[in-house]
Amino acid sequence: MASTALERRRQRQESLFAYLLNAPAVVLILVLVLYPVGMSLWLSMHRYNLRRPETFEFIGLGNFVEVLSSYEFWHALQVTLYFTALSVGLVIAVALGIALLFNESFSGRGIVRSLLLIPWAVPGVVNGLMWVGLLGEYGPFNEMLGDCVELFNRATGAQVDYMGMASPVVALNAAIAAHVWRSVPFACIIFLAALQAIPAEQYRAARVDGASSWNRFRYITLPWLLHPILIVSIYETMNGFRTFDLIFTLTGGGPGDATYVIAWQTYKEAFGRLDFGRANAYSYLIAFITMGLAVVYVRLLYRRGTVQG
């Protein structure tokens, strides 16, 4: 009995010591994470505009109602959904193709894999400025696209006007291209790690059974990659909805409101109109939308990705 009491006392002391060790980290998380999140929610329920700083009126869900009933929100959401859907699809497709290539043995594979990390290492603002140089009025990509349109007009007799970044379609898709260029390396690393974890015996057995390359990819590779695809999809969807620095440097939301993604619209509400109540409501709506999409991804892919080892 005495030994049991001593053991329980020792366990309580160890538990208390563990709590004491984790207390600083818990306090830091509460201060740096929960407080800003709670403060943002509190501001989203108030009418708070720095143009009238003396007005701080509690309106409950009024800001959310105003945002959801505004044209700006639905336009920004439409642009963001197009931006996110196309960029996520392209990132997965391009990264998967590169990962399958880099998973093969060839001379200089290590060097090429290292070079793949360069776009990922480039900061978002630098990435935007780089693409401004490529797609600007005298940029090489802009001139190349202009020449292609001119050749198309001569060959078909059409009269297609190429306006470069002054065109809403070109500007939005150029932003997507810049975003994909920077995002592919991370997805490629995830896919490459998953490919290297696939047992080689499964491929050898499939070859013995006469399975084609497509069947090996469909019935062996793809099931093993569904969980990594889920991870990349969620991560890139959040990135797509939070994209701001690229839009700020590359298009500035223009031409017109063609590239007004929802993060840019949030910025305009906060630092353009100085309406921090509505800006925080925008922020929470972004969080709710991305959480909802994450749930959809999990339901669609998680159970299908179960692999028997």
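What counts and what doesn't
- Residues numbered from 1 in each chain as written.
- Predicted model: local features only at pLDDT ≥ 70, side-chain atom pairs only at ≥ 80, totals over all residues.
- Heavy atoms only, no water.
- Helix = DSSP H or I, 4+ residues; strand = E, 2+ residues; numbered from the N terminus.
- Buried < 20%, exposed > 50% of the residue type's maximum accessible area, 1.4 Å probe, protein only.
- Patch = residues over 30% accessible without salt bridge, like charges linked within 9 Å, V, L, I, M, F, W, Y side chains within 5 Å.
- Areas by Shrake-Rupley, 256 points an atom, 1.4 Å probe, with all protein chains shown as cover.
- Salt bridge = Lys/Arg side-chain N within 4 Å of Asp/Glu carboxyl O.
- Phe/Tyr/Trp six-rings, centres within 6.5 Å; stacked < 30°, edge-to-face > 60°.
- Polar contact = N/O pair within 3.5 Å; in protein donor to acceptor, adjacent residues only side chain to side chain.
- Contact = heavy atoms within 4.5 Å.
- Expected span 1.5 Å × (residues − 1).
- Bend = angle between axes of the 7 residues up to and from the residue.
- 1 Å grid on protein atoms, 1.4 Å probe; cavity = no way out; pocket = protein on both sides within 12 Å on 5 of 7 lines; lining within 4 Å.
- Points joined across faces, edges and corners; volume = space filled by probe spheres on them.
- Nonpolar A, V, L, I, M, F, W, Y, C, P; charged D, E, K, R; others polar.

(A) Local environment of the environment of Val169. Tracing the backbone shows Val169 in helix H8 (residues 168-196). Val169 gets classed as exposed once you look at its relative accessible area, which sits at 57%. On a C-alpha basis, the gap between Val169 and Pro255 in space is 9.5 Å, while along the polypeptide they are 86 residues apart.

(B) Summary view of the environment of Ala287. Of note, Ala287 is situated in helix H13 (residues 276-302). Once the C-alpha coordinates of Ala287 and Trp224 are considered, the two residues, 63 residues apart in sequence, prove to be 29 Å apart.

(C) Just the environment of Ala197, in detail. Its place among the elements puts Ala197 in the loop between H8 and helix H9 (200-208). On the basis of relative accessibility, which here comes to 48%, the residue Ala197 falls in the partly exposed class. Spatially, the C-alpha atoms of Ala197 and Trp224 are 8.7 Å apart, while their sequence positions differ by 27 residues.

(D) Structural context of a nonpolar patch on the surface. On the surface, a cluster of nonpolar side chains totalling about 890 Å² of accessible area is made up of Val26, Val27, Leu28, Ile29, Leu30, Val31, Leu32, Val33, Leu34 and Val37. Within the fold, Val27 resides in helix H1 (residues 2-44). The exposure class assigned to Val27 is partly exposed, which follows from its relative accessible area of 47%.

(E) Focus on the packing of aromatic side chains. A complete count under the given rule lists 21 aromatic pairs for this structure. Ring centres of Phe244 and Trp264 lie 5.7 Å apart, and the angle between their planes is 25°; on these two criteria the pair is classed as stacked. In this pair, Phe244 is assigned in the loop between helix H10 (213-242) and helix H11 (245-250) and Trp264 in helix H12 (residues 262-272), connecting sequence segments 20 residues apart. Through successive ring pairs, a cluster of aromatic residues spans Tyr48, Phe56, Phe244, Phe248, Tyr260, Trp264, Tyr267, Phe271 and Phe276.

(F) The side chain of Asn49, seen in detail. When you line up the elements, Asn49 lands in the loop between strand S1 (46-47) and strand S2 (57-58). Among the residues examined, Asn49 registers a relative accessible area of 11% and is labelled buried. At a separation of 2.8 Å, a polar atom in the side chain of Asn49 contacts the main-chain amide nitrogen of Arg51. In terms of polar contacts, Asn49 uses its side chain to reach the backbone carbonyl oxygen of Arg273, at 3.2 Å. Beyond its immediate sequence surroundings of up to four residues, Asn49 is in contact with Arg273, Leu274 and Asp275.

(G) Broad picture of H10. Between its terminal C-alpha atoms H10 stretches only 38 Å, short of the 44 Å expected from 30 residues at 1.5 Å a residue. At Leu222, H10 shows its largest kink, close to 45°, and the proline Pro223 lies no more than four residues downstream.

(H) Spatial organisation of the pattern of salt bridges. Within this structure, the stated rule accounts for 8 salt bridges. Here Glu66 ties to Arg47 by a salt bridge, and the two come within 3.4 Å at their closest N and O atoms. Residue Glu66 is found in helix H2 (residues 62-68), and its partner Arg47 is found in strand S1; the two are separated by 19 residues along the sequence. The exposure class of Arg47 is partly exposed, given its relative accessible area of 32%.

(I) Structural context of the layout of surface pockets. Estimates place the volume of the largest pocket at around 410 Å³. Lining the largest pocket are 15 residues, and of these Leu100, Asn103, Glu104, Tyr203 and Arg207 sit closest to its centre. Every element with two or more residues in the lining of the largest pocket is listed here: helix H3 (71-102), helix H4 (109-116), H8, H9 and H10. Considering each element in turn, the lining of the largest pocket owes the most residues, 4 residues, to H10. Tallied by class, residues from the lining of the largest pocket come to 5 nonpolar, 5 polar and 5 charged.

(J) Spatial organisation of unusual backbone geometry. For the bond running from Gly254 to Pro255, omega is -5°, close enough to zero to count as cis. Mapped onto the elements of the fold, Pro255 is located in the loop between H11 and H12. Although it is not a glycine, Leu274 adopts a positive phi angle of roughly 60°. Residue placement: Leu274 occurs in the loop between H12 and H13.

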